[in-house]
Amino acid sequence: MTRALDPWLPFSCPLPSAMARWGAQRAGAAGRLALAALAVQLCAAAGQEEASARSATAAPPLRGPLPGKIGVVGVGTIGSALVQGILRAPPSRLADPPPFVLSPRNAAKAAALRAEFPSKVTVASSDQQVLDEAALVVLALPGSTAEGVLQALRFRQGLQVVSLIAAVKFPRLEALLGPGVNCTVALPMRAVPRGQRGVTLGFPWRPYAEAMFSVTGSYTAADSLEDFTSHWLQWGPSWGTFTRGS
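Please read these numbers as outputs of a predicted model, since none were measured by experiment.

What counts and how
Residues numbered from 1 in each chain as written. Predicted model: local features only at pLDDT ≥ 70, side-chain atom pairs only at ≥ 80, totals over all residues. Heavy atoms only, no water. Helix = DSSP H or I, 4+ residues; strand = E, 2+ residues; numbered from the N terminus. Contact = heavy atoms within 4.5 Å. Areas by Shrake-Rupley, 256 points an atom, 1.4 Å probe, with all protein chains shown as cover. Buried < 20%, exposed > 50% of the residue type's maximum accessible area, 1.4 Å probe, protein only. Pairing = 2+ DSSP bridges. Right-handed = clockwise from strand over helix to strand, strands pointing away. Arc of directions from axis to C-beta. Salt bridge = Lys/Arg side-chain N within 4 Å of Asp/Glu carboxyl O. Phe/Tyr/Trp six-rings, centres within 6.5 Å; stacked < 30°, edge-to-face > 60°.

Observations concerning the overall build of the protein chain
Inference 1: Of regular secondary structure, the protein chain possesses ten helices and nine strands.
Inference 2: Summarising the internal contacts of the protein chain: among those between residues at least 6 apart in sequence, 65% fall at separations of at least 24.
Inference 3: Roughly 10600 Å² of accessible area belongs to the protein chain as shown, and the carbon and sulfur atoms make up 57% of that amount.

What about the pairing of strand β8 (residues 198–203)?
Sheet faces and side chains relate simply in a regular strand, where the side chains alternate between the two faces.
Inference 1: The buried fraction of β8 amounts to six of the six residues, a majority that puts the element mostly inside the structure.
Inference 2: Of the two faces of β8, the one lined by Gly-198, Thr-200 and Gly-202 and the one lined by Val-199, Leu-201 and Phe-203 are each fully buried.
Inference 3: Where strand β7 (residues 182–188) and β8 come together, four bridges link them in antiparallel fashion. Residue Leu-187 lies in a different strand from β8, and its bridge partner there is Leu-201.
Inference 4: Assessed by its sense of winding, the connection that carries the chain from β8 through helix α9 (residues 207–216) to strand β9 (residues 217–221) is right-handed.

What to know about α9
Inference 1: By the criterion of burial, α9 is predominantly enclosed, with nine of the ten residues buried.
Inference 2: Within the span of α9, buried status applies to Tyr-208, Ala-209, Glu-210, Ala-211, Met-212, Phe-213, Ser-214, Val-215 and Thr-216.

Notes on the pairing of β7
Inference 1: Within β7, six of the seven residues are buried, which leaves it mostly tucked inside the rest of the structure.
Inference 2: Both strand β6 (residues 160–163) and β7 contribute to a ladder of four bridges, which runs parallel. Within β7, the residue paired with Val-161 across the bridge is Cys-183.
Inference 3: Running through helix α8 (residues 170–177), the crossover from β6 to the neighbouring parallel element β7 is right-handed.

Description of helix α7 (residues 143–151)
A turn of α-helix holds 3.6 residues, and therefore any two residues three or four places apart point the same way.
Inference 1: Looking only at α7, the buried set comprises Ala-146, Val-149 and Leu-150. Seen along its axis, α7 keeps its buried residues to an arc of 90°; they face one direction. For α7, the exposed residues set more than 90 degrees away from the buried face come down to Ser-144 and Gln-151.
Inference 2: Contacts made by the buried residues of α7 are with α6 (127–133), β5 (136–139) and α8.

Quick look at the environment of Thr-229
Inference 1: Tracing the backbone shows Thr-229 in helix α10 (residues 225–235).
Inference 2: Through-space distance from the C-alpha of Thr-229 to that of Lys-169 is 8.6 Å; in sequence the pair is 60 residues apart.

Quick notes on the pattern of salt bridges
Inference 1: As enumerated under the stated definition, the model contains five salt bridges in all.
Inference 2: Here Glu-116 ties to Arg-88 by a salt bridge, and the two come within 2.8 Å at their closest N and O atoms. Pair noted here: Glu-116 is in helix α5 (residues 107–116) and Arg-88 is in the loop between α4 (77–87) and β3 (100–102), with a separation of 28 residues, a long-range link.
Inference 3: On the accessibility criterion, Glu-116 (34% relative accessible area) is partly exposed.

What about the packing of aromatic side chains?
Inference 1: Enumeration according to the criterion identifies two aromatic pairs in this entry.
Inference 2: Plain terms: the ring middles of Phe-170 and Phe-203 are 5.6 Å apart, the flat faces sit at 85° to each other, and that makes the pair edge-to-face. Here Phe-170 is found in helix α8, whereas its partner Phe-203 is found in strand β8, with 33 residues between them in sequence.
Inference 3: Note on Phe-203: relative accessible area 12%, which makes it buried.
Inference 4: Taking the centre distance of 6.3 Å and the plane angle of 5° together, the rings of Phe-213 and Tyr-219 count as stacked.

Printed below as a string of structure tokens:
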């Protein structure tokens, strides 16, 4: 079974309730995720941007606290969108957003976020400073350079890490980060970087990932690496452009 944060349909698209009930009753974990992907495609085709924005305003409060400070290594399109999605969340959903510390990679985007959220965003002098200051680190590096960057960094034991790097699978991520690092991989769907509420697929389930992605939409965790990989193969290739230039 797949863990979902919100009621079964894990995104804001207003599909007919009969479809949601059918999926909840009859589809297994793989079926629910496949139906979720189909539903998102239908929403995009129908032009549901306005409905998604209204849904975000009426979203329920978070179920669980966010870490005290979030760091982002790789401030490209998807990293920037995640920061904006959390810091622009309505007070009814997130009363006091956590501060962010950003890596100096993609200096223009980091500076733009600093200018937009001066009380919540700082730009570190190095990637290592991000790791040293943050309680939770989001990795949003391009796959072509990710391994070299990660190998040069020191990840302390107990650090919480969410990787959005599609090219680095979970077993390899664990090896790169070292023993004692609390990590997970995640695949946000297209609605998240477009500023709408969407669903994020992850593995393995982590409470801090659930808390963070519930701000921008919903979080669904696969129960196995095989399940996550099969759905990454279905959804993941379209995400390459969101981590280039980080």
